[in-house]
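The lines below spell out each chain.
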Number of protein chains: 2
Amino acid sequence: MTEQADNVTMSGGGLYSLATIGAKHVIDNTLPRVLSALDNCTQTGSASALTFSDMGCADGGTSLDLWRGVIEHLRNKKSYAGDIQIVYADQPNNDFSALAKITHGLTQFKTYLDEFDRVYILQSGASFYIPVLPACTLDLGFSATAMHWLRGKPVDITGHVHMVGATGDEQQAFEKQARRDWTEILLHRARELKPGGQLVLANFCRDDEGRYLGGTTGVNMFDTFNDIWQHFVDDKVITEKEYQSMTLPQYYNTVEEFCAPFQDANSAVSKAGLQMESIETAVVACPFAEDFKTHKDAKQFAEKYVPTIRSWNESTWFAALSTKRSLAERRDIIENYYETYQSRVEAQPTEHRMDYVHAYMTISRRAE
Amino acid sequence: MTEQADNVTMSGGGLYSLATIGAKHVIDNTLPRVLSALDNCTQTGSASALTFSDMGCADGGTSLDLWRGVIEHLRNKKSYAGDIQIVYADQPNNDFSALAKITHGLTQFKTYLDEFDRVYILQSGASFYIPVLPACTLDLGFSATAMHWLRGKPVDITGHVHMVGATGDEQQAFEKQARRDWTEILLHRARELKPGGQLVLANFCRDDEGRYLGGTTGVNMFDTFNDIWQHFVDDKVITEKEYQSMTLPQYYNTVEEFCAPFQDANSAVSKAGLQMESIETAVVACPFAEDFKTHKDAKQFAEKYVPTIRSWNESTWFAALSTKRSLAERRDIIENYYETYQSRVEAQPTEHRMDYVHAYMTISRRAE
């Protein structure tokens, strides 16, 4: 079930920021899977529009090439001339203004919208924990690198900041929450999919070799997160109480966990008509670490590597700091944290890397 | 065809800014018309979702009550329990982040989304000059105070800044552009409406008494715009060339002009199956001027009145200023302009008012 994706090489064009190139390559990797799913679901003879969703889309820049590939396939290979609707969904506090500008070609990103007729872009402020679309209206749902975010953390983890470092009851609490959340995500999709519709998901996972994001070779990324904060406690920069609430609301399912609801014929997911068509895991090499092999500049690597991590975990750390501290003080602690992190990367550049470990899966709703 | 709407009184709650209360009351006035149109188009027995659009929605705050009223009507009066989709559409550089926050209840505005199940909010970055939705998917399209914006100005108007002050060839160029644009708006809607679907539009107009926005009683608002800029030319604050390019890309149709494409059975609009069901004009009194009658504070009136005008015309004036001037200089000229305006209002408060003059119309696509 495991395959090693080609190492990511950096594009010279500079159109995509270094911070998103890894996520973009994960999405690009899904294209053959999406096209294959599409061939199994598209009602190309039908008069009604084909409807796709891109759940957890953020600003939409990383998936433009995927959707271009999908539309090209439909127009050129499948001779589908009908209407195509792409619904970009994310939480209501997502940057929808940036999303509209990017998908409509008002930025440096190249959109597909000008290249094809009868393509309609819509935005939805619905997270994947609620319905995005009306019943039986979705042909193909897509999501990449988003569904590891739980609805919330069930418990604060003692002595660590992420479920990969949780044990005992705490680990079980996360496991239970993740099971419920995964079921909920699937049931909402089962309702909105047309019969015969498909889901293609690229979700962070723990693979059969126990690998996960930032936990492949070298020092463990989440242990580094944790270790720096523990040192901050020791040095009385933050309190023990603040440290304890630093728990990321994430879960990385194993392939078994992703498959579990489908293997029980009596589960709500099976009864809703969903079936797992295929699942495989793959590792996309950390683009920053790969780039370092060429430029060999430890400082440059550290300066580019740490901001991409910061983009997704800063808000959790910041929220854990006591509001009794002034805003300036909290900001100083956060700056101090990432500076410390950067020093560690610079001192041992070959030890740090955030390889992307994903489960790529296709799920279908049975045709009626 | 003309009726005088009740004078608008200011709400004490302060939830809606003074700047939008007038536009909101225009929308609130459309509710009976929208419900009536809805009763003629809804396939309440059908399994598929009802789909509505709100074209030129801006941040969505002013139409929340309208859509609440529509959903209440469907759920309570029509016993419709099915899915309802509301598509908010505006240009791609609209503030879609604010729209998502407002419609999802993350601001002070009260959303309807929490009150009803099976309601789906979508956003579209399509202007009404392009298709918003796939063919035959729209049940009811709505737009208020938006379709007076032309795709562009056909010509710069000599000696004035708005088509209400244009004459001769220039007036005809605007008339022609407006005729083409109105046809284009309608043809896109004809395609996306389901057979039997409806449009309810509240568009700025020139009514049978020759009244229009800011051109009812007192001094003419557009003449004031123009007069101040002409003084700025005389005083060498701006150049004649800059003044000449200060032309607002707007057109206020008469009822006859709105109706024209429907009265010719061979027009593209008629052939597309659209028919004008009803049209009437109404005036919503300027909320600022009405408020002044109570508080009688000329300074307060001027300070609240001018910003609402500024919100929709500043960008046109600014774009007309030469880029040879520094940004700071251009900003100073604009500040100077609105300060001058404010002084005029303060000096003659009873002479200034921006009454809203709209044509309210219902258009249907013939059932097949």
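A quick note: this is a predicted structure, and the numbers were derived from the prediction, not measured.

Trainee: Mind showing me how you'd approach the relation of the copies chain A and chain B here?
Mentor: The relation between the two chain copies is a rotation about an axis coupled with a shift along that axis. Overlaying chain A on chain B yields an RMSD of 0.1 Å, the required transformation being a rotation through 180 degrees with an accompanying axial translation of 0.1 Å. Such a combination of turn and shift is consistent with a two-fold rotation axis. Taken together, the interface assignments show that 100% of the residues at the interface of chain A recur at the interface of chain B, consistent with an identical surface on both copies.

Trainee: Please explain helix α2 (residues 31-41) of chain A as it appears in this structure.
Mentor: Each α-helix turn comprises 3.6 residues. Residues three or four places apart therefore point the same way. Within α2(A) the residues assigned to the buried category are Arg33(A), Val34(A), Leu35(A), Ala37(A), Leu38(A) and Cys41(A). Elements in contact with the buried residues of α2(A): β2 (50-55), α3 (64-77), β5 (138-144), β6 (193-206), β8 (274-284) and β9 (356-365) of chain A.

Trainee: Help me understand helix α8 (residues 255-263) of chain B, please; the structure alone is not making it clear to me.
Mentor: All names here are of chain B. For α8, the set of buried residues is Val255, Phe258, Cys259, Pro261 and Phe262. Buried residues of α8, seen end-on, are gathered within an arc of 150 degrees and therefore sit on one face of the element. Seen from the buried face of α8, the exposed residues on the opposite side, beyond 90 degrees, are Glu256 and Gln263. In this fold, the buried residues of α8 make contact with α5 (168-192), β6 (193-206), β7 (253-254), α9 (268-271), β8 (274-284) and β9 (356-365).

Trainee: Could you clarify how one ought to interpret empty space enclosed by the protein in this entry?
Mentor: To find the voids left in a structure, one rolls a probe of water-molecule size over its atoms. Residues and elements named next belong to chain A. Going through the model one piece at a time under the given rule, you end up with three cavities of 30 Å³ or more. Approximately 60 Å³ is the volume attributed to the largest cavity. Tyr129, Met147, His148, Leu150, Ala178, Asp181, Trp182, Ile185, Tyr251, Asn253 and Phe258 together form the lining of the largest cavity. Sorting elements by how many residues they give to the lining of the largest cavity places helix α5 (residues 168-192) first, with four residues.

Trainee: Help me understand the pattern of salt bridges, please; the structure alone is not making it clear to me.
Mentor: Working definition: two side chains of opposite charge can pair if their charged atoms are close together. Residues and elements named next belong to chain B. Tallied over the entire structure, the rule returns 54 salt bridges over all chains. Two residues, Glu115 and Lys110, come together in a salt bridge whose shortest N-O distance is 3.3 Å. A relative accessible area of 35% places Glu115 in the partly exposed class. Note that Glu335 is salt-bridged to Arg310, the shortest N-O span being 2.8 Å. Here Glu335, found in helix α12 (residues 327-347), pairs with Arg310, found in helix α11 (residues 298-320); they are 25 residues apart in sequence, far enough to count as distant.

Trainee: So what exactly am I meant to see when it comes to the packing of aromatic side chains here?
Mentor: The geometry of an aromatic ring pair comes down to the distance between the two centres and the angle between the two planes. All names here are of chain A. A full pass over the atoms with the stated rule returns 46 aromatic pairs over all chains. Ring centres 6.4 Å apart and planes at 45 degrees place the aromatic pair Tyr212 and Tyr252 in the tilted group. Of this pair, Tyr212 sits in the loop between β6 and α6 (221-234) while Tyr252 sits in the loop between α7 (240-244) and β7 (253-254), placing them 40 residues apart in sequence. Classification of Tyr252 by relative accessible area gives buried; the value is 0%. Consider the rings of Phe225 and Trp317, whose centres lie 5.9 Å apart with planes at 80 degrees: the pair is edge-to-face. Of this pair, Phe225 sits in helix α6 while Trp317 sits in helix α11 (residues 298-320), and the two are 92 residues apart along the sequence. For the pair Phe225 and Trp317, a shared accessibility class is recorded, and that class is buried.

Trainee: How should the nonpolar core be read in this particular structure?
Mentor: Buried together is how nonpolar side chains tend to be arranged in soluble globular proteins. Of all hydrophobic cores here, the largest spans 165 residues; its most connected members are Phe225(A), Trp229(A), Tyr305(A), Phe225(B), Trp229(B) and Tyr305(B). In this structure Phe225(A) touches Val161(A), Leu248(A), Ile309(A), Trp312(A), Asn313(A), Trp317(A), Tyr337(A) and Tyr341(A), once residues within four positions along its chain are discounted. If you look at the next biggest cluster of nonpolar residues, it comprises 66 residues, including Cys259(A), Leu133(B), Met147(B) and Val357(B).

Trainee: I keep staring at the environment of Ser343(A) and nothing clicks. Help me out?
Mentor: Note on placement: Ser343(A) falls in helix α12 (residues 327-347). The spacing of Ser343(A) and Val255(A) is 88 residues in sequence and 35 Å in space, taken between C-alpha atoms.

Trainee: Could you clarify how one ought to interpret the pairing of strand β3 (residues 84-89) of chain B in this entry?
Mentor: Where a strand is regular, its side chains alternate between the two sheet faces. All names here are of chain B. Of all six residues in β3, six are buried; the element is thus mostly enclosed. Pairing between strand β2 (residues 50-55) and β3: six bridges, direction parallel. Counterpart to Thr51 in the pairing with β3 is Gln85. Considered for its hand, the β-α-β crossover made up of β2, helix α3 (residues 64-77) and β3 is right-handed. Note: β3 against strand β4 (residues 119-124), six bridges, orientation parallel. Across the sheet, the residue bridging to Ala89 is Ser124, located in β4. Taken together, β3, helix α4 (residues 96-103) and β4 constitute a β-α-β crossover, and its handedness is right-handed.

Trainee: What is the right way to look at the interface of chain A and chain B in this model?
Mentor: Often, the extent of an interface is quoted as the loss of accessible area on bringing the components together. Counting from both sides, the interface comprises 28 residues of chain A and, opposite them, 28 residues of chain B. Here chain A and chain B share an interface that buries about 2000 Å² over both sides, 59% of which is from carbon and sulfur atoms. Counting across the interface, chain A meets chain B through two salt bridges. We note a salt bridge from Asp83(B) to Arg191(A), for which the minimum N-O separation is 3.1 Å. Put simply, chain A and chain B have 13 residue pairs in polar contact (both at pLDDT 80 or more) between them. Top contributing element to the side of chain A that touches chain B by residue count: strand β4 (residues 119-124) of chain A, with five residues. For the side of chain A that touches chain B, the per-class residue count stands at 15 nonpolar, eight polar and five charged. Alignment of β4(A) against β4(B), held across three bridges, turns out to be antiparallel. Looking at the pairing, Ser124(A) lines up with Leu122(B) of β4(B).

Rules used in this analysis
- Residues numbered from 1 in each chain as written.
- Chains lettered and ligands numbered in written order.
- Predicted model: local features only at pLDDT ≥ 70, side-chain atom pairs only at ≥ 80, totals over all residues.
- Heavy atoms only, no water.
- Least-squares fit on C-alpha atoms with pLDDT ≥ 70 in both.
- Contact = heavy atoms within 4.5 Å.
- Buried < 20%, exposed > 50% of the residue type's maximum accessible area, 1.4 Å probe, protein only.
- Helix = DSSP H or I, 4+ residues; strand = E, 2+ residues; numbered from the N terminus.
- Arc of directions from axis to C-beta.
- 1 Å grid on protein atoms, 1.4 Å probe; cavity = no way out; pocket = protein on both sides within 12 Å on 5 of 7 lines; lining within 4 Å.
- Points joined across faces, edges and corners; volume = space filled by probe spheres on them.
- Salt bridge = Lys/Arg side-chain N within 4 Å of Asp/Glu carboxyl O.
- Phe/Tyr/Trp six-rings, centres within 6.5 Å; stacked < 30°, edge-to-face > 60°.
- Core = buried A, V, L, I, M, F, W, Y, C linked by side-chain atoms within 4.5 Å.
- Pairing = 2+ DSSP bridges.
- Right-handed = clockwise from strand over helix to strand, strands pointing away.
- Buried area = accessible area lost by both parts, 1.4 Å probe.
- Polar contact = N/O pair within 3.5 Å; in protein donor to acceptor, adjacent residues only side chain to side chain.
- Nonpolar A, V, L, I, M, F, W, Y, C, P; charged D, E, K, R; others polar.

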